[in-house]
Amino acid sequence: MSENKHSHSAFDSFVNLFKRDMLLAFRHRSDIANPLIFFMIVVSLFPLGVSPSREVLAQLAPGVIWVVALLACLLSSDGLFRNDFDDGSLELLLLSPQPLYILVIAKVLAHWCITGLPVTLFAPLLGVMMYLPTEGLMPLVGSLFLGTISLSFVGGIGAGLTVGLRRSGVLLSLIVLPLYTPVLIFGSSAVQSVIHGFGASGQLAVLGAFLLMAVTLAPLAIGAALRISVEG
Amino acid sequence: MTETLLEIKNLRCEREERVLFDQLCFSVDAGQVLQIEGPNGSGKTTLLRIISGLSSAYEGDIYWRGQPIRKVRTDFYHDLHYLGHLPGVKAALTPRENLRWSCALEAEDSDAQIEEALDKVDLYGFEDLPCFTLSAGQQRRVAIARLYLTATPFWILDEPFTAIDLRGVAELEAMLAERAERGGTVILTTHHQLDMPGRLKKVNLGGEAQ
């Protein structure tokens, strides 16, 4: 943009890093497809494995969709910093003059756009398949939208801590799951309470509070975790 | 005129119960090229990582422009360009895209500047091919191209000549010499014999490691 090298802002590097990660995702399309396909396959196995009856599925739907969405986010969060760690880009990010806080937010948001966002957008389709009552569809999308962003940020903490380890699968789940559960509880209860005729504003407000907390605090934890991992 | 940029006092680093270096003292002035020598495993890369702040497993003091480096970390990063053991080149992106994201961390460079830098490292004609189709040396050259784009006064280069052909080595050496002439400072590790009379300073880790 500008010829003056000093006028460069943190926002520019935020945008640039976000664009880079989106570009990388579109070069490796399986990164986008994997969590979404996992989500769709697992949910569509429930009518086959449990029962195809309308009443049973309608009862299970909010919980099943939320649990599988959570697992899709959990499985994908392992790769959040892996690639950058392996090729040395992570060192460049840590040593750049830009605040790590901003760079981490860019990376996590890009990651959410290729994992949480598609899951959120496809959830109504699976809701219909699971006979979720129509009034539950909007709360499902709303709660997944707020919830999956929090899940991505929280997953980032685990990913940052375990990126230096070769096999981090189980450890990552153990670190992250206790922090995931409140999101799951309020998320699925938002959908259930609308189906039962109560509003969901309370649950959505709590999810919003989680989101704000995750966006403001998790990047600090992720940054510290990355510094520890790179040191190893 | 010569300002002492970096000063290291009594640095000690232990790794896996082995002392890599102890009582290490040296300083680097503006316009100097400091070559860190030593056999494999003597702690050259570790020393560079300690100076750059990637590792804090050390005892001793490091001063940046006279201040303890821990206190002026952000100022230091504004002046630093680091080329590590791993080049930080994304295999799925083209050289042009790689330079665009990494240089955006320091300053906004125009496409013309990026093209010029790629031309200087002989990657003209390769700028739009994904990096995984390039050879190891060419990928390394993408990281070297960043040196032509950066305006920072202080460089830390870990084995910059690895996988680069003879002509590339000569060009890079000339560039470092020219940079030092204009007041730039470089700390690098290499087994290559550098020829920069008057500017070159050497630190040997081999002696201390034994």
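Just so it is clear, the structure is predicted and the values come from calculations on it, not from any experiment.

1. Considering empty space enclosed by the protein
(1) Moving on: Counted according to the given criterion, the structure contains five cavities of 30 Å³ or more.
(2) Moving on: A volume near 160 Å³ is recorded for the largest cavity.
(3) Moving on: In this structure, the largest cavity is lined by A:Leu92, A:Leu95, A:Ser96, A:Pro97, B:Leu80, B:His81, B:Tyr82, B:Ser102, B:Cys103, B:Leu105, B:Glu106 and B:Arg146.
(4) Moving on: If one sorts the elements of the lining of the largest cavity by residue count, strand E6 (residues 80-83) of chain B sits on top with three residues.
(5) Moving on: The residue inventory of the lining of the largest cavity, partitioned by class, reads seven nonpolar, three polar and two charged.
(6) Moving on: Taken as a whole, the second largest cavity spans an internal volume of roughly 70 Å³.
(7) Moving on: Taken together, B:Lys120, B:Val121, B:Arg141, B:Ile144, B:Tyr148, B:Ile164, B:Gly168, B:Glu171 and B:Leu172 make up the lining of the second largest cavity.
(8) Moving on: Elements with a contribution of two residues or more to the lining of the second largest cavity: helix H5 (136-149) and helix H6 (166-181) of chain B.

2. Section: the confidence of the model for chain A
(1) Moving on: For chain A, mean pLDDT is 91; residues scoring 70 or higher make up 97% of the total.
(2) Moving on: Across residues 1-7 of chain A, where pLDDT falls below 50, the model places nine contacts with residues more than four positions away in sequence or in other chains.

3. Description of the packing of aromatic side chains
(1) Moving on: Going through the model one piece at a time under the given rule, you end up with seven aromatic pairs over all chains.
(2) Moving on: Ring geometry for A:Phe186 against A:Phe210: centres 5.8 Å apart, planes inclined by 70°, an arrangement best described as edge-to-face. With A:Phe186 in helix H9 (residues 169-195) and A:Phe210 in helix H10 (residues 201-231), the pair connects residues that are 24 residues apart, well separated along the chain.
(3) Moving on: Ring geometry for B:Phe76 against B:Tyr77: centres 5.8 Å apart, planes inclined by 40°, an arrangement best described as tilted.
(4) Moving on: B:Tyr77 gets classed as buried once you look at its relative accessible area, which sits at 5%.
(5) Moving on: Aromatic rings pair up to connect B:Trp64, B:Phe76, B:Tyr77 and B:Phe154 into one cluster.
(6) Moving on: Over the face of the ring belonging to B:Trp101 we find A:Arg20, whose NZ or CZ atom lies 4.4 Å from the ring centre.
(7) Moving on: Across the ring face of B:Trp101, the terminal group of B:Arg146 is positioned such that the distance to the ring centre comes to 5.8 Å.

Parameters at a glance
- Every chain is numbered on its own, with residues counted from 1 as its sequence reads.
- Here chains are named by letter from A upward and ligands by number from 1 upward, in the order in which they appear as written.
- Local features in a predicted model are, by the rule used here, given only for residues with pLDDT of at least 70; side-chain atom pairs are given and counted only at 80 or more, and totals for whole chains, interfaces and linings are based on all residues.
- Hydrogens and water are ignored here; the side-chain numbers use all heavy atoms of the structure.
- A 1.4 Å probe that fits but cannot get out identifies a cavity on a 1 Å grid over protein atoms alone, an open set with protein on both sides within 12 Å along at least five of seven lines counts as a pocket, and a residue lines either if it has an atom within 4 Å of a point.
- Grid points are joined across faces, edges and corners, and a volume is the space filled by probe spheres set on the points.
- Going along the chain from the N terminus, every DSSP run of H or I of four or more residues is numbered as a helix, and every run of E of two or more is numbered as a strand.
- Throughout, the ten residues Ala, Val, Leu, Ile, Met, Phe, Trp, Tyr, Cys and Pro are labelled nonpolar, Asp, Glu, Lys and Arg are labelled charged, and all others, Gly among them, are labelled polar.
- Across the chain, each position has a pLDDT score giving the predictor's confidence in that residue, from 0 to 100.
- Residue contacts are defined here by distance: any two heavy atoms, one from each residue, within 4.5 Å place the two residues in contact.
- Centre distance within 6.5 Å is the pairing criterion for rings of Phe, Tyr and Trp, where only the six-membered ring of Trp is used; planes under 30 degrees apart are then read as stacked, over 60 as edge-to-face, and the remainder as tilted.
- A simple rule labels every residue: compare its accessible area, found with a 1.4 Å probe on the protein chains alone, to the largest value its type can have, and call it buried under 20%, exposed over 50%, or partly exposed in between.
- Throughout this description, the term charge over a ring refers to an Arg CZ or Lys NZ atom that lies within 6 Å of the ring centre and within 35 degrees of the ring normal.

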